[in-house]
Amino acid sequence: MPNLVGAGTEAQDPRLAELLERMSAIEAMGGSDRVERQHGLGKLTARERLGVLLDPGTFEEIGAHIEHRATDLGMDRVQAPADGVVTGVGRIDGRPVYVFAQDFSVLGGSLGEMHAAKIQRVQDLALKSGVPIIGLNDSGGARIQEGVDALNGYGEIFKRNTWSSGVIPQITVIMGPSAGGAVYSPALTDLIVMVRGTGQMFITGPEVIKSVTGEVVSQEALGGADAQLSRSGVAHLACDSDVEALAAVRKLLSYLPANNVEEPPVLPVEDPVDRPTSELRHLVPLQSAKPYEVKTVIRAMTDRGSFFELQQGYADNLVIGLARLGGRSVGVVANQPKVLAGTLDIDASDKLARFVRFCDAFNLPLVTLVDTPGYLPGTQQEYGGIIRHGAKVLYAYAEAVVPKVTVILRKAYGGAYLAMCSRSVGADWVFAWPSAEIAVMGPEGAANIIFRQAIRSAPDPEAMRREKTEEYRRKFAHPYVAARHGQVDAVIDPGQTRHHVLRALMALYNKRDEGPPRRHGNIPL
Ligand code: HXC
């Protein structure tokens, strides 16, 4: 919104006076009472949010004068400034971004035909210009009075979300209610940030749930930030306030390119390329079943302070996040031995596969840290479709064409060894620590099967089991067989992990690779 206050004598011009009057009506949006209510809930208005999100003075508004065209159900008497959504383009860290911000103070931020058309316009411009789009959602959903025109508006938005997917980064911030089908535009975007206490997403609200299933649940428990972050895995970040959420968006964008044909930004870095990571030499316990914190490895090897974890709290047996190595953005994937021994289950597989595809779409090289005994066994997992979900991991890594560097820290058994970006599914470079164990399965399981006869017929079967397990461990539970067979490129000193990974990545930055021509693959969903 241009600042016309203080236009001085020019304001005497009747045309300018009319413009000023119209502008200030739009500026006031739903009026001071409703704005006060918004503030009372700890929420900012749409314009205030854009003020926090964008570099100062960079916002160029589009369609401020657009109004609804509805006449039914009393709408002919309703004034809805900007039709309840502020749209336009601005800058974040000097780089352009398209934005829309729904304003709850106007008809509850509800989405009617023209409100939707404004969003579609910035979606079209963002896609055409190869510029990220950020949606600040705070809305009662489809505008009830506008019926099918409102629903059509959502459909047109979903279509644009889908066509933009993998071309420009799409980020949604849930800063108020997001109910019914309104959750599906956010769900089609790349990243969802939610504000605790005020941002809520659900398909059916507590009232409907109570009448259909009898369950009693509050809005926050049902679809609040923590529920959607840690229970459903729908959200990627939960923040304590509007300001914190908007700062998170600025930070996310600092890792991302503007579009799929641009490289991510390169930031100046003071952290030396060859900084030793000596603290990693004694991190992995000698007993291979003992847990440790894999984030220690991530933080030690990436540029200081650059690791930005996503979906923390959901499927914590797998860690994902953005980071920098030598000032360049990377996506990091790591098994977490502290949770479920680092096994891959259904949720971890979904989390991993979607992140790998996101990184691949936006030219973020992948660094994978492996320590997993395998896919999680159990009827719950099998009946839940671990085969289908686990296959996503293989598919996502095999399909990804960005540079892929893998470091095997400890266990890498069976299908999970293959899935965690092994050489065979497409790793460009595989390192292993001396503590790596690469095998079809763990020594105990392997000895029980291949030495079953010898164990059964031994005078002391338990002693024989221990002896055979030890024999297997000595022969196979190390990285040197895999290295001899070319599945590992180098066994490295953990104290030099940063140096080795960075050198590999630097050698891969110009990698050119593409799959066969096809409309799209058929990932097991
Ligand atoms: C028209 C709406 C509206 C809507 C809210 N308002 N939602 N107007 N269409 N969908 C209006 C209210 O009438 C009210 O106007 C003002 O916005 C503020 O709303 P309140 O109810 O006073 O606010 P609050 O108490 O904070 O409750 C917020 C809310 C509630 C939980 C979001 O408004 C609500 O339940 N709204 C309906 C949600 C819903 O079912 N939406 C349709 C979802 S289906 P006044 O003038 O009184 O201040 C959908 C289909 C999409 O979206 C399909 C895509 C596939």
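Computed from a prediction, not measured in an experiment: that's the story for all the values here.

Asker: Describe the overall build of the chain, and please don't skip the residues or the numbers.
Answerer: Secondary structure assignment for the chain yields 20 helices and 17 strands. Seen along its three principal axes, the alpha-carbon backbone of the chain occupies a region of about 100 × 55 × 45 Å. Split into buried and exposed, the 525 residues of the chain put 52% on the buried side. For the chain, contacts bridging at least 24 residues in sequence account for 72% of all contacts bridging at least 6. Counting only carbon and sulfur atoms, one obtains 55% of the accessible surface of the chain, whose full area is about 23,800 Å².

Asker: Can you explain the site of the ligand? Please cite residues and give values.
Answerer: With respect to spatial proximity, 20 residues lie near the ligand, and among them Arg34, Arg37, Gly108, Gly140 and Ala142 are the closest. One of the backbone N or O atoms of Gly108 is found 3.0 Å from an oxygen atom in the ligand. For the ligand, an oxygen atom lies 2.9 Å from a polar atom in the backbone of Ala142. Across the complex, the protein chains shield 56% of the 1,000 Å² of accessible surface that the ligand would expose by itself. When residues of the shell around the ligand are traced back to their parent elements, those giving at least two are helix 2 (32-40), helix 5 (147-164) and strand 6 (177-179). Residue classes in the shell around the ligand are distributed as 10 nonpolar, 7 polar and 3 charged.

Asker: Please set out helix 18 (residues 461-476) residue by residue, giving values where relevant.
Answerer: Its 16 residues give helix 18 an end-to-end C-alpha distance of 22 Å, which sits within 8% of 22 Å, the value for a rise of 1.5 Å per residue. Of all the positions in helix 18, only Met464, Lys468, Thr469 and Tyr472 are classed as buried. Down the axis of helix 18, the smallest arc covering the buried residues is 135 degrees, so these residues share one side. Turned more than 90 degrees away from the buried face of helix 18 sit Arg466 and Arg474, all of them exposed. Buried positions along helix 18 lie against strand 16 (437-439), helix 16 (443-450) and helix 17 (452-457).

Asker: So what about the packing of helix 4 (residues 113-129) against helix 5? Which residues, and what values?
Answerer: At a minimum axis separation of 8 Å, helix 4 and helix 5 run at an interaxial angle of 10 degrees. Classified by the angle between their axes, helix 4 and helix 5 sit roughly parallel to one another. For the pair helix 4 and helix 5, the sense of crossing is left-handed. Together, Glu113, Ala116, Ile119, Gln120, Gln123, Asp124 and Leu127 of helix 4 and Asp149, Gly153, Glu156, Ile157, Arg160, Asn161, Trp163 and Ser164 of helix 5 make up the contact between the two elements. For the contact of helix 4 with helix 5, the residue count by class is 5 nonpolar, 5 polar and 5 charged.

Asker: Any chance you could break down the environment of Val167 for me, citing the residues and the numbers?
Answerer: Relative to the elements of secondary structure, Val167 occurs in the loop between helix 5 and strand 5 (170-174). According to the relative accessible area criterion, Val167 is partly exposed, its value standing at 25%. In this structure the C-alpha to C-alpha distance between Val167 and Tyr314, which are 147 residues apart in sequence, comes to 27 Å. Excluding its chain neighbours within four sequence positions, the residues that come into contact with Val167 are Leu127, Asn259, Asn260 and Phe362.

Asker: Run through the nonpolar core, naming residues and quoting values.
Answerer: Generally speaking, a soluble globular protein has its nonpolar side chains buried in company with each other. Formed by 74 residues in total, the largest nonpolar core has its most connected members in Ile134, Val333 and Ile408. With 7 residues, the top contributor of residues to this core is helix 12 (residues 346-361). Every residue in contact with Val333, bar those within four places of it in the chain, is listed here: Leu318, Val319, Ile320, Leu352, Phe355, Val356, Leu366, Val367, Thr368, Leu369, Tyr397 and Met420. Counting residues in hydrophobic clusters, the runner-up holds 30 residues, among them Leu283, Val297, Ile298 and Leu325.

Asker: A description of the pairing of strand 12 (residues 328-335) should follow, citing residues and the corresponding values.
Answerer: For strand 12, the tally of buried residues reaches 7 of 8 residues, placing the bulk of the element in the interior. Summarising the sheet, strand 11 (residues 318-325) and strand 12 pair through 8 bridges and their orientation is antiparallel. Bridging across to strand 12, Leu325 finds its partner in Arg328.

Asker: Talk me through the sheet that holds strand 3 (residues 95-102); I want residue IDs and the actual numbers.
Answerer: Strand order in the open sheet made by the 7 strands is 1-2-3-4-5-7-9, with mixed pairing throughout. The open sheet has two edge strands, strand 1 (60-61) and strand 9 (237-239), and neither has a second partner. As paired elements, strand 2 (residues 85-92) and strand 3 share 8 bridges and run antiparallel to each other. Across the sheet, the residue bridging to Val89 is Tyr98, located in strand 3.

Asker: Run through helix 10 (residues 242-253), naming residues and quoting values.
Answerer: An ideal rise of 1.5 Å per residue puts 16 Å on 12 residues; helix 10 measures up with 17 Å between its terminal C-alpha atoms. Along helix 10, the residues that are buried comprise Asp242, Ala245, Leu246, Ala248, Val249, Leu252 and Leu253. Down the axis of helix 10, the buried set is contained in an arc of 150 degrees. They therefore lie on one face.

Asker: If you had to explain the environment of Gly326 to someone new, which residues and values would you point to?
Answerer: On the secondary structure map, Gly326 appears in the loop between strand 11 and strand 12. Taking C-alpha positions, Gly326 is 7.7 Å from Pro272, a pair spaced 54 residues apart along the chain. Dropping the residues within four chain positions of it, Gly326 is found in contact with Val269, Asp303, Arg498 and Leu502.

Asker: Tell me about the pairing of strand 2, and name the residues and values.
Answerer: The element strand 2 is largely enclosed, with a buried count of 6 among its 8 residues. Bridge analysis of strand 1 against strand 2 gives 2 bridges, and the strand direction is antiparallel. Across the sheet, residue Glu60 finds its bridge partner in strand 2, namely Val89. Counting the residues in the hairpin turn of strand 2 and strand 3 gives 2 residues, including Asp93, whose phi is positive at 50 degrees.

Asker: Give me the pattern of salt bridges: which residues, what numbers.
Answerer: Going through the model one piece at a time under the given rule, you end up with 33 salt bridges. Residues Asp428 and Lys511 are paired through a salt bridge, measuring 2.8 Å at the closest nitrogen-oxygen approach. Linking Asp428 in the loop between helix 15 (414-419) and strand 15 (429-432) with Lys511 in the segment after helix 20 (497-508), this pair joins segments that are 83 residues apart in sequence. Residue classification places Asp428 among the partly exposed residues on the basis of a relative accessible area of 25%. In the salt-bridge network here, residues are joined through shared partners; they are Asp271, Arg275, Asp303, Arg304 and Arg498.

What counts and how
Residues numbered from 1 in each chain as written. Predicted model: local features only at pLDDT ≥ 70, side-chain atom pairs only at ≥ 80, totals over all residues. Heavy atoms only, no water. Helix = DSSP H or I, 4+ residues; strand = E, 2+ residues; numbered from the N terminus. Buried < 20%, exposed > 50% of the residue type's maximum accessible area, 1.4 Å probe, protein only. Contact = heavy atoms within 4.5 Å. Areas by Shrake-Rupley, 256 points an atom, 1.4 Å probe, with all protein chains shown as cover. Near = heavy atom within 4 Å. Polar contact = N/O pair within 3.5 Å; in protein donor to acceptor, adjacent residues only side chain to side chain. Nonpolar A, V, L, I, M, F, W, Y, C, P; charged D, E, K, R; others polar. Expected span 1.5 Å × (residues − 1). Arc of directions from axis to C-beta. Axes fitted to C-alpha atoms, helices over the stretch in contact; angles between N-to-C directions. Parallel < 35°, antiparallel > 145°, perpendicular 65-115°, else oblique. Left-handed = near helix turned anticlockwise from the far one by under 90°. Core = buried A, V, L, I, M, F, W, Y, C linked by side-chain atoms within 4.5 Å. Pairing = 2+ DSSP bridges. Salt bridge = Lys/Arg side-chain N within 4 Å of Asp/Glu carboxyl O.

This is a description of form; function is not addressed.
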